[in-house]
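Results of the structural survey
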Amino acid sequence: MNIESELTYEQALKLADDIVLKVTAKHISDIEVEVFKGSWEGKRYEEIAQQLHVTTEHINNNVGYGLWQKLSKGLGETVTKRSFRLPLQREWEKRFLSLEAVLTRTLPSEESEIDNDSQQTGWQDSDFYVERPQEEERCYGEVLKPGCLLRIKAPWQTGKTLLMSKILHYVTQHNYRTVALNVRDAEPTDFINLDNFLQWFCTATAVMLELEQPVDEHWLKSIGNNKTKCRSYFEKYVLLGDNPLVLALDEVDRIFPYREIASEFLGILRTWHEDAKVRPLWRQMRLVVLHSEIYKEVDINQSPFNAGYELVLTDFNQKQVLALAQRHGLKLAETQVTELMEMVGGHPYLVSQALLVLARKDINLEELLQTAPTGSGIYHRHLERHWKNLRENKELAIAFKKVVFASVPIGFDGELNQDVGKKLSDLGLVKIDNRRVMPSYELYRLYFSERFGVDA
């Protein structure tokens, strides 16, 4: 098993069965399995009941209610048909971490993150989550504002998806409705054109909210272009109600290669945010956008990237790394923490991966640091992914090669194109300090100097 992707149905069902077995001393029944499967696929209770040839009332009031109650008791937080995925995802990651000590979201989303919170908030306890108090509190404050647009920006595997999950959990305590969409979940056919993408967007939202109004029917009966139909679906069905809606969009970068879709969809998000200033209905919407890069192919004033509030996640500091090591049962001296951070800085994934394998006693710190920048080290998949991205973009590869082989940080203008340098920074490969560029971590300098040398 690995957690480089979201929890699969098979994994979720097994986990749910384990939880129910612990609570009731009985496995999930066959009919509960069918309800769980149907709910996982986004089906309404009416559809599930028809397939099973029973009444909707029985599925809703007996089977479904009983199943969610058992899972709620086992997980220690309220679970419903609409909200069972995230609690299961958190529990799965927690169990996987404690069993195999491997951390690789992509939440979701190319990232994988381990959640915890106190019993006061209902979150599952975990010894491995590092709180970001200032960032979290600022996000909580922003997301409660009518018409909010909150952008969380950071390279992959640095905690964006986890923070999103915590934000959504927080607003549910204020009786907000929530929708969490990952652009990665769209099919290739959804990117054929803007019309297909907007229908996917509306449909995915409708499924999460269990809306009964079919999107395809709305599309056929509505007047106007696809953007107008998307807006009217939200106005007629999604935004109505007393409770605000938090719509979180993860891995927004995935639409960037589709230029027409990217430009138009980002423009839609910006327009909706602006509408909240003058149209009361749109004050119900609070947008949370997660991304690593900023799309530059569209007028910045027609995109969400210069509106709302932007939070840029930063690396862990030495105090946080030391505390995280202690939670893993490691008694590392400050000098050892310094040695580790000299190699990988405070990168959340790189630090966590090191502490996990050290706690498992697979390797000692000296051996870990010696092999870290090699193809046989614990970071080989992480590094290979960066290498693949560079090989697919010659301009980035040439620029990063300059940075890697430079004896001192290099500057913009004559030495390095600023836009390219910013792109490398968005990917997490370089740090920019006073217009001077250097590899983000010694790990990258050592590994890529070898790869560029061999490739030459």
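Above: the structure in question.
These notes cover the structure that comes with them.

Definitions and limits used
- Residues take numbers from 1 onward in each chain, read along the sequence in its written order.
- Where totals are concerned, whole chains, interfaces and linings use all residues; where local detail is concerned, this predicted model gives features only for residues with pLDDT of at least 70, and gives and counts side-chain atom pairs only at 80 or more.
- Hydrogen atoms and water are omitted, and side-chain values are computed over all heavy atoms in the structure.
- Pairing of aromatic rings covers Phe, Tyr and the six-membered ring of Trp, with a centre-to-centre limit of 6.5 Å; geometry is then stacked below 30 degrees between planes, edge-to-face above 60, and tilted otherwise.
- Strands are runs of DSSP state E lasting at least two residues, helices are runs of H or I lasting at least four, and both sets are numbered from the N terminus onward.
- Residue exposure (1.4 Å probe, protein chains only): buried if accessible area is under 20% of the type maximum, exposed if over 50%, otherwise partly exposed.
- Residue contacts follow a heavy-atom distance rule, with two residues in contact if any of their heavy atoms lie within 4.5 Å.

1. Points about the packing of aromatic side chains
For any pair of aromatic rings, the description rests on two quantities: the centre-to-centre distance and the angle between the ring planes. A full pass over the atoms with the stated rule returns 25 aromatic pairs. Measuring from ring centre to ring centre gives 4.7 Å for phenylalanine 234 and tryptophan 272, while their planes differ by 45 degrees; the resulting arrangement is tilted. Note that phenylalanine 234 is positioned in helix α10 (residues 226-238) and tryptophan 272 in helix α11 (residues 259-275), a separation of 38 residues in sequence. Comparing phenylalanine 234 with tryptophan 272, the two get one shared label, buried. Look at tryptophan 387 and phenylalanine 452: their rings are 5.3 Å apart centre to centre, the planes differ by 70 degrees, and that puts the pair in the edge-to-face class. Residue tryptophan 387 is located in helix α16 (residues 380-391), and its partner phenylalanine 452 is located in helix α19 (residues 442-455); the two are separated by 65 residues in the primary sequence. Judged by its relative accessible area of 5%, tryptophan 387 falls in the buried class. For phenylalanine 452, a relative accessible area of 5% puts it in the buried group. Aromatic rings pair up to connect Phe191, Phe197, Trp200, Phe201, Phe234, Tyr258, Phe265, Trp272 and Trp282 into one cluster.

2. Describing the side chain of glutamate 135
As for its position among the elements, glutamate 135 is in helix α6 (residues 133-143). When near neighbours in sequence (up to four residues on either side) are disregarded, glutamate 135 contacts Leu311, Leu313 and Thr314.

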